[in-house]
Amino acid sequence: MGRDVVSSLLATATEALEREFAELPEWEPAGESHAPEAMAAVLAQTAHRLGDNYPYFHPLYAGQMLKPPHPVARAAYALAMKINPNNHARDGGRASSEMEIEAVAEIARMFGWPGGYLGHLTSSGTLANLEALWIAGQERPGKRILASKQAHYTHSRISGVLKLDFSAIAADNRGRMDLNALEDALKRGDVGTVVATLGTTAIGAVDPLPGILELSARYGVRVHVDGAYGGYFRLIGDALEESSRGAFASIDHADSIVIDPHKHGLQPYGCGCVLFKDAGVGRHYKHDSPYTYFTSKELHLGEISLECSRAGAAAVALWTTQKLLPLTCDGEFAAGLRKGRAAAKELDRRLRADAGGRFAGLAAGGPELDIVVWTVLGKSTEDRSRRAEETFAACAERGLHLALVDLPQKWFGPGHSGDTPPKTVTCLRSVLMKPEHENWLPEIWSRLSESVSRS
Ligand SMILES: *Cc1c(COP(=O)(O)O)cnc(C)c1O
């Protein structure tokens, strides 16, 4: 499985942590009095059960959005388990609340917000988007939410939960929000907030944020950026197309931003983040808790968060990771993003240059981030879909794990006679989000190439 440095890092750090509490009288923690053999035996069963997984940590897993946490994040998370802090209130997570505030400040700085904002971690991107749309509804009561047809499905569902009307705006043939369709919807005058997705889940499309900001300013509506997947790509604008670079560069003009450190930020699951440009929205969160806010007059994270208990360990892991790999344009963290981006461009190039002409990529252009989608050509749209499914299964047999996605057939060029739009085709999809994917691309290509359905 490759060398794993986490246990030795953790052993040293645990000794250091124990020294911090050396003053405590000796005691025997109840859980640790279990016979080690009994604990080892159930853990052996656990390891066996976990074997029933795709190898998400390996470069030949190139399917869904799964990226292994950095060893230092795993060690920090496990170290925090000695304490198991709760970042709801400083009573339950003193150091880890401070660490959360510092880690979130670094993310805010990455987006161009040095201060004046309000932000915190959440347990997921969905929860973070829920908070953003909840504030959107508080600020624009009764007004509609708009997002592109390619936006994450949770936006329409969250709007339903919040009892806000929602409309989906058409996307162009690269999966980006269509500005003409957006303006038509804004003209109705009942819109409160536009959600701009910077890095859609299906294909990594980047909505044209500068145009969305301009229209929103004209019609007086809020802009929420869903950068759950793509947010970190702001650091490598120079490696993106001009239009996507411009979108990431203008994020700081949004009213709220969501980013998922548990997607591209090298974190274990349980780490999303929401930021509001105007700290004044904190008033909507105002509540009194009779139980929790005693030990400090300073702000408790639970006072600005919809969730109550939250893993302090998630903040500890993120803080530690950002200390090692700061969020800078020229550092090692950004270098990792660049490698995935290079891998995606290379896969796209090989698909288009395929000697057998077996594939079609997006007709309007290559990947905007590090997600590649393509169809396997065939006699009809149904035949293309079937071949994609067969190729997907044949790749898995050769140890290469890809994903499938249904997209409009017309995005991949002229359809087949008899196709009536809007027709969808099942495509292959690869999220090349690990730095290792760059060096592994030739191997990925050769396994894909051998697996393509021929009949
Ligand atoms: C993943 C994703 C979400 C949802 O985030 P979770 O952390 O999975 O809850 C929302 N929006 C986009 C664009 C995403 O890619």
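(A) Seen up close, the side chain of S96. Relative to the helices and strands, S96 resides in helix α4 (residues 94-110). With near-sequence residues (within four places) excluded, S96 lies in contact with P85, N87, G312, A315 and V316.

(B) Expanded view of the nonpolar core. The biggest cluster of nonpolar side chains holds 57 residues, and the ones touching the most others in it are I107, L182, V194, L198, L209 and L275. Sorting elements by how many residues they give to this core places α4 first, with 6 residues. Membership of the second largest hydrophobic core comes to 21 residues, among which are V376, L400, L432 and L448.

(C) Focus on the site of the ligand. Around the ligand lies a shell of 14 residues, among which T126, D226, D260, H262 and K263 are the nearest. D260 places a side-chain nitrogen or oxygen 2.6 Å from an oxygen atom of the ligand. Interatomic distance of 2.7 Å between a side-chain N/O atom of H262 and an oxygen atom of the ligand. Contact with the protein chains removes 88% of the 380 Å² of surface that the ligand exposes when unbound.

(D) Representation of helix α8 (residues 209-219). Here α8 has its buried residues at L209, G211, I212, L213, L215 and S216. The elements touched by buried residues of α8 are α7 (179-186), β4 (191-197), β5 (222-227) and α9 (242-249).

(E) Molecular detail of the pairing of strand β9 (residues 371-376). Of all 6 residues in β9, 6 are buried, a share of seventy percent or more. Of the two faces of β9, the one holding I371, V373 and T375 and the one holding V372, W374 and V376 are both buried throughout. Looking at chain direction, strand β8 (residues 359-361) and β9 are connected through 3 bridges and run antiparallel. Bridging across to β9, A360 finds its partner in T375. Summarising the sheet, β9 and strand β11 (residues 424-431) pair through 4 bridges and their orientation is antiparallel. Considered in β11, the bridge of V373 is made with R429.

(F) Representation of the sheet that holds β5. Pairing is mixed in the open sheet, where 7 strands are placed in the order β1-β7-β6-β5-β4-β2-β3. In this open sheet, the two strands that pair with only one neighbour each are β1 (118-122) and β3 (166-169). Each adjacent strand pair in this sheet contributes to an overall mean axis angle of 20°, direction not counted. Both β4 and β5 contribute to a ladder of 5 bridges, which runs parallel. Note on β5: the bridge partner recorded for T193 is R222. Packing of α8 onto the sheet brings it into contact with β4 and β5, and relative to β5 it is tilted by some 160°.

(G) Representation of unusual backbone geometry in the model. Backbone geometry places K163, a non-glycine residue, at a positive phi of 60°. Of note, K163 is situated in the loop between α6 (154-161) and β3. Given the relative accessible area of 75%, K163 is considered exposed. Phi is positive for L266, which is not a glycine, with a value near 65°. With respect to the element layout, L266 can be found in the loop between β6 (256-259) and β7 (272-276). Residue L266 is classed as buried on the basis of its relative accessible area, which comes to 13%.

(H) Representation of the domain arrangement of the protein. For the protein, the assigned domains read domain 1 (94-324) and domain 2 (332-454). The C-alpha-based centres of domain 1 and domain 2 are spaced at 29 Å. Listed per partner, the contact involves 31 residues of domain 1 and 21 residues of domain 2. Between domain 1 and domain 2, the buried area comes to about 2,300 Å², and carbon and sulfur atoms account for 64% of it. Considering only the surface of domain 1 that becomes buried against domain 2, N173, R174 and I203 emerge as the three largest contributors, covering 26% of it. Counting across the interface, domain 1 meets domain 2 through 2 salt bridges. At the boundary of domain 1 with domain 2, the tally comes to 9 residue pairs in polar contact (both at pLDDT 80 or more). For the side of domain 1 that touches domain 2, the per-class residue count stands at 13 nonpolar, 12 polar and 6 charged.

(I) Representation of the sheet that holds β11. The antiparallel open sheet is built from 4 strands, whose spatial order is β8-β9-β11-β10. Two strands in the sheet have a free side with no partner beyond their single neighbour: β8 and β10 (403-408). Direction aside, the axes of adjacent strands within the sheet are offset by 40° on average. Helix-sheet contacts for helix α11 (residues 332-353) involve β8, β9 and β11, and the interaxial angle to β9 is about 15°. Packing against the sheet, helix α12 (residues 381-397) makes contact with β9, β10 and β11, and its axis sits at approximately 30° to β11.

About the cut-offs
Residues numbered from 1 in each chain as written. Predicted model: local features only at pLDDT ≥ 70, side-chain atom pairs only at ≥ 80, totals over all residues. Heavy atoms only, no water. Helix = DSSP H or I, 4+ residues; strand = E, 2+ residues; numbered from the N terminus. Contact = heavy atoms within 4.5 Å. Core = buried A, V, L, I, M, F, W, Y, C linked by side-chain atoms within 4.5 Å. Buried < 20%, exposed > 50% of the residue type's maximum accessible area, 1.4 Å probe, protein only. Near = heavy atom within 4 Å. Polar contact = N/O pair within 3.5 Å; in protein donor to acceptor, adjacent residues only side chain to side chain. Areas by Shrake-Rupley, 256 points an atom, 1.4 Å probe, with all protein chains shown as cover. Pairing = 2+ DSSP bridges. Axes fitted to C-alpha atoms, helices over the stretch in contact; angles between N-to-C directions. Domains from an automatic or database assignment. Buried area = accessible area lost by both parts, 1.4 Å probe. Salt bridge = Lys/Arg side-chain N within 4 Å of Asp/Glu carboxyl O. Nonpolar A, V, L, I, M, F, W, Y, C, P; charged D, E, K, R; others polar.

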